[in-house]
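# Remarks on the overall topology
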Amino acid sequence: MDEGKKRMAVLVGCNYPNTRNELHGCINDVLTMKEVLVKRFGFDLSHVQLLTDAPGSVVLPTGANIKKALGHMIDQAEAGDVLFFHYSGHGTRIPSAKPGHPFRQDEAIVPCDFNLITDLDFRQLVNRLPKGASLTILSDSCHSGGLIDREKEQIGPNAATTNNNPKVPSHSPKAIPFESILQHLSSLTNISTSDIGTHFLEFFGSDASLKFRLPPLERDLFESINPDEGILLSGCQANETSADMSPHEGGGRSYGAFSNAVQMVLKEHSGQLSNKQLVMMARDVLLAQGFEQQHPCLYCSDQNAGSTFLWQPEC
């Protein structure tokens, strides 16, 4: 891929303030990333959109607003453009509706209004990319491995740790269980059913995820375009949680463990890093910090595994 003409980003931080799901470091994560994008990777501030649920925010990171921002970014893209989406917030897993997969679970992120954005939505966004443009997704959320449906796994699950009593730093997991989401939606719709799709369609209508709006057979139309230009750096494996550090837990700072690990690697290595190098180095940082149960992963084509992260210009 040629060096990008335009560099555009959507950065989303959800702290869920004053709720039982409150996190502390997610907004800090994307604010820090905004500075890095401008100073290191050559992004113009006018092409960086920030969505947070900080008090006083005019545009909240609802499911509809996030998808609108991502769709607008992709609609503006041309061949050679570099697109970036950084999400820091809760993730979840939902039962798969795919025929023949009764026990499979699918991954999703949890915007501030609980209108889930699923792996199928991200697949559809990647498929919309104009030829020659790339979309890199950095998702610092629980269960984020596999967040682009059918994207090729380059760095995946590790074997289970042999330490039965790991000393993991005190933290909050960035996950909301499926049961809690179902309970929340049931309270909004007043419908007595365990079918989560019914609740999403009733409350969010056409803004609900494609996973709930399309018949099961039509979902298979969103095949991966192999090789495509979607690149996912996930904060953990699909069956793991990602850590959020409060000021007390983070030595006076609030941050997501994966976002912070990426920032540390970028700070220590000023030159170009491939996507694969960045993920492996972030794994090493987390392991050194005691996060033995959090393994960042990489999903992309073989070529993009070795491509430079965000196509950083040479110094």
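Definitions and cut-offs
Every chain begins its residue count from 1, and numbering advances along the sequence as written. The predicted origin of the model limits local features to residues at a pLDDT of at least 70 and limits the giving and counting of side-chain atom pairs to 80 or more, whereas totals for whole chains, interfaces and linings rest on all residues. Values shown for side chains rest on all heavy atoms present in the structure; no hydrogens or waters enter the calculation. Strands are runs of DSSP state E lasting at least 2 residues, helices are runs of H or I lasting at least 4, and numbering of each runs from the N terminus. Exposure categories follow from relative accessible area, calculated using a 1.4 Å probe and restricted to protein chains: below 20% of the type maximum is buried, above 50% is exposed, and the middle band is partly exposed. Should any heavy atoms of two residues lie within 4.5 Å, those residues are counted as being in contact. The aromatic pairing rule takes the rings of Phe, Tyr and Trp, using the six-membered ring of Trp, and pairs them if the centres are within 6.5 Å, calling planes under 30 degrees apart stacked, those over 60 edge-to-face and the rest tilted. Paired strands, as defined in this entry, are two strands with at least two bridges between them according to DSSP.

Per an unreviewed UniProt entry, the recorded name for the protein is Peptidase C14 caspase domain-containing protein, and the organism is Salix brachista.

Here we come to the overall build of the protein. Helix and strand content of the protein: ten helices and 13 strands. Relative to its 315 residues, the protein shows a buried fraction of 54%. A separation threshold of at least 6 residues defines the contact pool for the protein, and within that pool the share at least 24 residues apart is 77%.

A few words now on the packing of aromatic side chains. Applying the stated rule across the entire model yields seven aromatic pairs. Look at Phe200 and Phe212: their rings are 4.5 Å apart centre to centre, the planes differ by 5°, and that puts the pair in the stacked class. Taken as a pair, Phe200 in helix 5 (residues 196-204) and Phe212 in helix 6 (residues 210-213) lie far apart in primary sequence, twelve residues in all. Side by side, Phe200 and Phe212 carry an identical accessibility label, which is buried. Grouping aromatic residues by their ring pairs yields a cluster made of Phe200, Phe203, Phe204 and Phe212.

Overall, antiparallel pairing links the three strands, which are arranged 9-11-12 in an open sheet. The sheet terminates laterally at strand 9 (172-173) and strand 12 (255-256), the two strands that pair on one side only. Two elements, strand 11 (residues 243-245) and strand 12, share two bridges in a ladder whose sense is antiparallel. In the strand pairing of strand 12, Met245 is matched with Tyr255.

Here we come to the sheet that holds strand 4 (residues 91-95). Reading across the sheet, the three strands line up as 4-5-6 and stay open at both edges, with antiparallel pairing between neighbours. Every interior strand has two partners, whereas the edge strands, strand 4 and strand 6 (117-118), have only one. In this sheet, strand 5 (residues 105-109) lies alongside strand 4 in antiparallel orientation, the contact comprising five bridges. Bridging from a neighbouring strand, Thr92 pairs with Ala108 of strand 5.

Looking along a regular strand, one sees side chains alternate from face to face of the sheet. The buried fraction of strand 10 (residues 230-234) amounts to five of the five residues, a majority that puts the element mostly inside the structure. Along strand 10, one buried face is formed by Gly230, Leu232 and Ser234 and the opposite face, lined by Ile231 and Leu233, is buried too. Both strand 7 (residues 134-140) and strand 10 contribute to a ladder of five bridges, which runs parallel. Each bridged residue has a counterpart across the sheet, and for Leu138 the counterpart in strand 10 is Leu233. Across three bridges, the pairing between strand 10 and strand 13 (residues 297-299) is antiparallel. Note on strand 13: the bridge partner recorded for Leu233 is Leu298.

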